[in-house]
Amino acid sequence: MARLLLIEDDVAIRTPLIRALRERGHAVASSSTAMEGVQIALNDRPDLVVLDLGLPDLDGREVLRMLRAVSAVAVIVATAVDDETEIVGVLDAGADDYLVKPYSAGQLDARVRAVLRRGTLAAVDQTIVVGQLRIDPGTREVRLNDTLVELAPREFDMLHHLATRAGQVVTKRELLTAVWRIPHGGSDKTVDVHLSWLRRKLGESAMEPRYLHTVRGVGVRLSVPAGSW
Ligand code: CA
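Residues numbered from 1 in each chain as written. Predicted model: local features only at pLDDT ≥ 70, side-chain atom pairs only at ≥ 80, totals over all residues. Heavy atoms only, no water.

Description of the coordination of the calcium ion
Point 1. Coordination sphere of the calcium ion, protein contribution only: Asp9 (OD), Asp52 (OD) and Gly54 (O), at 2.2 to 2.3 Å.
Point 2. In primary sequence terms, the donor set of the calcium ion follows D-x42-D-x1-G. Of this pair, aspartate 9 sits in the loop between strand E1 (3-7) and helix H1 (11-23) while glycine 54 is found in the loop between strand E3 (48-52) and helix H3 (60-70), placing the two residues 45 residues apart along the sequence.
Point 3. In this structure aspartate 9 comes out as partly exposed when scored by relative accessible area, which is 33%. (Donors = N, O, S within 2.8 Å, 3.2 Å for Na, K, Ca; no water. Helix = DSSP H or I, 4+ residues; strand = E, 2+ residues; numbered from the N terminus. Buried < 20%, exposed > 50% of the residue type's maximum accessible area, 1.4 Å probe, protein only.)

As structure tokens, then:
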């Protein structure tokens with residue numbers, strides 16, 4: 001059983017598909033618009049998103065980019081046309097698989113199981129190493145110089161997100177979206193406060209940064225301290 005999110009505006013496709021997927025034992029949430037779909041994906045963190053490319057409010061490829069910017073959720077794209085350029089495009093944009101409409105619930109179910117199986121294999125060890133910092137999203141443990149660092153949940157999420165983008169500057173907007181699930185609004189202060197707690201726990205400060213660097217007016221970068229491996 002998987003937790004699925006179906007983003008599909010055509011009720012004649014959506015309703016029977018939801019029923020058929022539930023009969024196959026999946027928990028199914030659904031949305032008929034892109035923006036609501038992204039919000040549900042952020043809040044509920046489904047195992048997999050089935051994304052129709054032709055949505056009323058946003059192009060499906062745009063939705064795919066938004067999902068990919070903030071989450072590693074598996075995505076199967078449903079395209080209306082069997083167009084190789086389009087299919088290659090969505091796979092390059094981060095879709096895990098695709099289906100050409102019309103497709104049956106049985107086909108979709110088989111693709112869902114295959115994609116999630118691949119994900120499980122890939123998830124065996126996702127530990128990220130940045131210098132002497134080891135971040136394991138499976139156990140949610142962080143070690144610095146082989147010593148366990150106790151982090152609060154949002155501190156862990158923030159460090160992990162920065163680690164997935166190590167060496168790059170991540171904007172506070174992106175952190176608010178990825179860590180706090182606030183795609184609009186919210187306050188930079190939220191990020192600043194957690195950043196200062198995180199720094200303290202890693203034994204550094206804004207004045208003497210080692211791993212966590214504030215890039216004024218842009219965001220935060222996690223990087224290996226100078227002179228270390
Ligand atoms: Ca559609």
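What to know about the domain arrangement of the protein chain
Point 1. Domain annotation of the protein chain identifies domain 1 (3-122) and domain 2 (128-222).
Point 2. Distance between the C-alpha centres of domain 1 and domain 2: 30 Å.
Point 3. Between domain 1 and domain 2, the contact holds 7 residues from the first and 8 residues from the second.
Point 4. In total, about 630 Å² of surface goes out of reach between domain 1 and domain 2, with carbon and sulfur atoms giving 51% of it.
Point 5. Its largest share of buried area at the contact with domain 2, domain 1 owes to Leu42, Arg45 and Val70, together 65% of the area lost on that side.
Point 6. Summed over the shared surface of domain 1 and domain 2, the number is 0 salt bridges.
Point 7. At the boundary of domain 1 with domain 2, the tally comes to 0 residue pairs in polar contact (both at pLDDT 80 or more).
Point 8. Top contributing element to the side of domain 1 that touches domain 2 by residue count: helix H2 (residues 34-44), with 4 residues.
Point 9. Here the side of domain 1 that touches domain 2 is composed, by residue class, of 4 nonpolar, 2 polar and 1 charged. (Domains from an automatic or database assignment. Contact = heavy atoms within 4.5 Å. Buried area = accessible area lost by both parts, 1.4 Å probe. Salt bridge = Lys/Arg side-chain N within 4 Å of Asp/Glu carboxyl O. Polar contact = N/O pair within 3.5 Å; in protein donor to acceptor, adjacent residues only side chain to side chain. Nonpolar A, V, L, I, M, F, W, Y, C, P; charged D, E, K, R; others polar.)

A short note on the sheet that holds strand E5 (residues 97-100)
Point 1. Read from one edge to the other, the open sheet built from 5 strands follows the order E2-E1-E3-E4-E5, with strand pairing classed as parallel. A strand with exactly one partner marks an edge of an open sheet, and here the two such strands are strand E2 (27-31) and E5. Recorded for the sheet is a direction-independent mean angle of 20° between the axes of neighbouring strands.
Point 2. With 4 bridges joining them, strand E4 (residues 74-79) and E5 adopt parallel strand pairing. (Pairing = 2+ DSSP bridges. Axes fitted to C-alpha atoms, helices over the stretch in contact; angles between N-to-C directions.)

Focus on unusual backbone geometry
Point 1. Following lysine 101, the chain continues to proline 102 via a peptide bond in cis, the omega torsion being -5°.
Point 2. On the secondary structure map, proline 102 appears in the loop between E5 and helix H5 (105-122).
Point 3. Positive phi is not limited to glycine here, since arginine 45 has a value of about 45°.
Point 4. Tracing the backbone shows arginine 45 in the loop between H2 and E3.
Point 5. The backbone phi angle of arginine 140 is positive, close to 60°, even though this residue is not glycine.
Point 6. Tracing the chain through its elements places arginine 140 in the loop between strand E7 (133-136) and strand E8 (141-144).

What about the pattern of salt bridges?
Point 1. A complete count under the given rule lists 15 salt bridges for this structure.
Point 2. Close ionic contact of aspartate 109 with arginine 113 constitutes a salt bridge, the shortest N to O distance being 3.4 Å. Separated by 4 residues within a single helix, aspartate 109 and arginine 113 lie in helix H5, roughly one turn from each other.
Point 3. By relative accessible area, aspartate 109 is classed as buried at 8%.

What to know about the sheet that holds E8
Point 1. Spatially, 4 strands are ordered E6-E7-E8-E9 in an open sheet, and the strand pairing comes out antiparallel. In this open sheet, the two edge strands, each paired with only one partner strand, are strand E6 (128-130) and strand E9 (147-149). Averaged over all pairs of adjacent strands, the angle between their axes in this sheet comes to 25°, without regard to strand direction.
Point 2. Of the strand pairs in this sheet, E8 and E9 are connected by 3 bridges, and their pairing is antiparallel. Bridging across to E9, arginine 143 finds its partner in leucine 148.
Point 3. Of the strands in this sheet, E6, E7 and E8 are in contact with helix H6 (residues 153-164), which crosses E7 at around 110°.

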